[in-house]
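For reference, the chains in residue letters:
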Amino acid sequence: MTHSPTTDSRAVLTAMYTAEARYLAAGGPGTASFDLLAPCFAPDVVLHQAAGLPYGGVWRGHLGLERFFRAMSDTWSTFELVEQDFLATGETSVVRTIVHAVSRATARELTFPILQTLTVRDGRITEVRPFYWDTEAVARACTL
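Residues numbered from 1 in each chain as written. Predicted model: local features only at pLDDT ≥ 70, side-chain atom pairs only at ≥ 80, totals over all residues. Heavy atoms only, no water.

## Describing the nonpolar core
The condition is simple: We call a set of buried Ala, Val, Leu, Ile, Met, Phe, Trp, Tyr and Cys residues a nonpolar core when their side-chain atoms join them within 4.5 Å. Relative accessibility decides the category of a residue: with a 1.4 Å probe and only protein chains considered, values under 20% of the type maximum give buried, values over 50% give exposed, and everything between is partly exposed. The helix and strand labels rest on DSSP assignments: H or I over at least four residues marks a helix, E over at least two residues marks a strand, and numbering proceeds from the N terminus. By definition, residues are in contact when any of their heavy atoms lie within 4.5 Å.
Judged by nonpolar contacts, the single largest core of 37 residues is most densely connected at Phe41, Tyr55, Phe112 and Ile125. Listed by contribution, the elements that provide at least two residues to this core are α1 (5–25), β1 (41–49), α2 (61–75), β4 (92–103), β5 (109–121), β6 (124–132) and α3 (135–141). Among the elements that take part in this core, α1 stands out by supplying six residues, more than any other. Ignoring anything within four residues of it in the chain, the contact list for Ile125 reads Val12, Leu13, Met16, Cys40, Phe41, Ala42, Val45, Leu118, Thr119 and Val120.

Structural data, given as structure tokens:
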């Protein structure tokens, strides 16, 4: 059986979201092993987060992703993927996610959409670019 890039990309993304949920359920950064997520990402993966976010910046490689997950954990006490739609799957995939989050610093709750482009090559995610509908609202929810 041959696999199309579409099938392969969707399988990789589904595996990553499942691994991410397991990682967070196991305690996340500082408690769970990043080895749960590592197989989903290329060693030189690049994650681009909007500069206006509390965890904004460019995160590179597995160590960078581990630091990113630590920053996310420091920012949010809850970060739940409520709904996901795979809008396009191929080498560049597009996923729309509705997130419900609770700020660790302020206890403010926020529900917001994220649209992500994810590049998948050779069965691993090589680049992630999340686009937040309103980065200012996210930053405000997290600021005392």
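Moving on from the coordinates now.
## Let's talk about the packing of aromatic side chains
Test applied: Between rings of Phe, Tyr and Trp, where Trp is taken as its six-membered ring, a pair exists when centres lie within 6.5 Å; planes separated by under 30 degrees are stacked, by over 60 edge-to-face, and by other angles tilted.
Counted by the stated rule, this structure contains twelve aromatic pairs. The interplanar angle of 90° and the centroid separation of 6.1 Å between the aromatic rings of Tyr23 and Phe34 together place this pair among those described as edge-to-face. Note that Tyr23 is positioned in helix α1 and Phe34 in the loop between α1 and β1, a separation of eleven residues in sequence. On the accessibility criterion, Tyr23 (2% relative accessible area) is buried. What makes Phe34 buried here is its relative accessible area of 6%. Between Tyr55 and Tyr132, the ring centres sit 6.5 Å apart and the planes meet at 50°, which makes this aromatic pair tilted. A residue pair is termed long-range when its members are at least 10 positions apart, and Tyr55 in the loop between β1 and β2 (57–60) and Tyr132 in strand β6 qualify at 77 residues.

## Re unusual backbone geometry
A negative phi angle characterises most non-glycine residues, just as the trans form characterises most peptide bonds. Positive phi values are uncommon outside glycine, yet Ala107 reaches one of about 65°. Classification of Ala107 as exposed rests on a relative accessible area of 56%.

## Description of the side chain of Ser103
Here Ser103 shows up in strand β4. Excluding residues that lie within four positions of it along the chain, Ser103 makes contacts with Thr75, Trp76, Ser77, Arg108, Ala141 and Cys142.

## A closer look at the sheet that holds β4
To keep things clear, this is the line we draw: Strand pairing is defined by DSSP finding a minimum of two bridges between the two strands. All axes here are fitted lines through C-alpha atoms, helices being fitted over the stretch that makes contact, and every angle between N-to-C directions spans 0 to 180 degrees.
Overall, mixed pairing links the six strands, which are arranged β2-β1-β6-β5-β4-β3 in an open sheet. A strand with exactly one partner marks an edge of an open sheet, and here the two such strands are β2 and β3 (76–88). Strand-to-strand twist in this sheet, taken as the mean axis angle between neighbours without regard to direction, amounts to 20°.

## Here we look at a nonpolar patch on the surface
As a reminder, the rule being used: Patches draw on residues past 30% relative accessible area with no salt bridge. Two like charges within 9 Å are joined, as are two nonpolar side chains (Val, Leu, Ile, Met, Phe, Trp, Tyr) within 5 Å. Residue burial considers only the protein chains on display, and all accessible areas are found by Shrake-Rupley using a 1.4 Å probe. Within this document, salt bridges are pairs made up of a side-chain nitrogen of Lys or Arg and a carboxyl oxygen of Asp or Glu, the two lying within 4 Å of each other.
Taken together, the side chains of Leu87, Leu115 and Phe131 make up a nonpolar region of the molecular surface, amounting to roughly 290 Å² of accessible area. Position of Leu87 relative to the elements: it lies in strand β3. Judged by its relative accessible area of 53%, Leu87 falls in the exposed class.

## Focus: the pattern of salt bridges
Applying the stated criterion across every chain yields a total of six salt bridges. The residue Arg70 makes a salt bridge to Asp74 at a minimum N-O spacing of 3.5 Å. Residue Arg70 and its partner Asp74 are both found in helix α2; the two are separated by four residues, about one turn of the helix. Its relative accessible area of 34% is what places Arg70 among the partly exposed residues. For Asp74, a relative accessible area of 47% puts it in the partly exposed group. Salt-bridge contacts for Arg96 lead to Glu83; the nearest nitrogen and oxygen are separated by 2.8 Å. With Arg96 in strand β4 and Glu83 in strand β3, this residue pair connects regions lying 13 residues apart in the sequence.

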